[in-house]
Amino acid sequence: MIRARLNLVVALPAEAKPINQLLELHRVQPHRELPIFTGNEIALVITGHGSDAIQAGVKYLARHNGIKNAFWLNIGIAGH
């Protein structure tokens, strides 16, 4: 179970890489379809592009996060 107070959502690995490096996030489940990175009470999910993919990624991370009143932030280069 992940315990993150801040959830970050990005579509592409290229968007996640600098964030992961800056915040020192590490992948927690290497063989899953939707990668989740965590550290310092922060979780980041890479969803793929498109509203359906983002919706699935948000639901996936929400199911795995033990903190129900966490903050959510969608970060990307193309908007949402």
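Quantities reported herein were computed from a predicted structural model and do not represent experimental measurements. (Residues numbered from 1 in each chain as written. Predicted model: local features only at pLDDT ≥ 70, side-chain atom pairs only at ≥ 80, totals over all residues. Heavy atoms only, no water.)

Peer 1: Quick rundown of the pairing of strand β3 (residues 36-39)? Include the residues and the values.
Peer 2: Residues Ile-36 and Thr-38 point to one face of β3 and Phe-37 and Gly-39 to the other, with burial holding for every one of them. Summarising the sheet, strand β2 (residues 26-27) and β3 pair through two bridges and their orientation is antiparallel. Residue pairing for β3: Arg-27 is matched across the bridge by Phe-37. The hairpin formed by β3 and strand β4 (residues 42-46) contains two residues between the paired strands, and Asn-40 there has a positive phi angle of roughly 55°. (Buried < 20%, exposed > 50% of the residue type's maximum accessible area, 1.4 Å probe, protein only. Helix = DSSP H or I, 4+ residues; strand = E, 2+ residues; numbered from the N terminus. Pairing = 2+ DSSP bridges.)

Peer 1: Report on helix α1 (residues 13-23), specifying residues and quantitative values.
Peer 2: Since the α-helix packs 3.6 residues into each turn, any two residues three or four apart lie on the same face. Every buried residue of α1 is listed here: Glu-15, Ala-16, Ile-19 and Asn-20. Angularly, the buried residues of α1 cover 120° about the axis, an arc narrow enough to put them on a single face. When the buried face of α1 is taken as reference, the exposed residues oriented beyond 90 degrees from it are Ala-14, Lys-17, Gln-21 and Leu-22. Buried positions along α1 lie against β1 (6-10), β3 and β4. (Arc of directions from axis to C-beta. Contact = heavy atoms within 4.5 Å.)

Peer 1: Now, about the sheet that holds β1: what can you tell me, with residues and values included?
Peer 2: With mixed pairing, the five strands of this open sheet are ordered in space as β2-β3-β4-β1-β5. Looking at strand neighbours, the two that pair on one side only are β2 and β5 (71-74), the edges of this open sheet. For β3 and β4, the ladder comprises four bridges, and the chain directions are antiparallel. Bridge assignment links Phe-37 to a residue of β4, and that residue is Leu-44.

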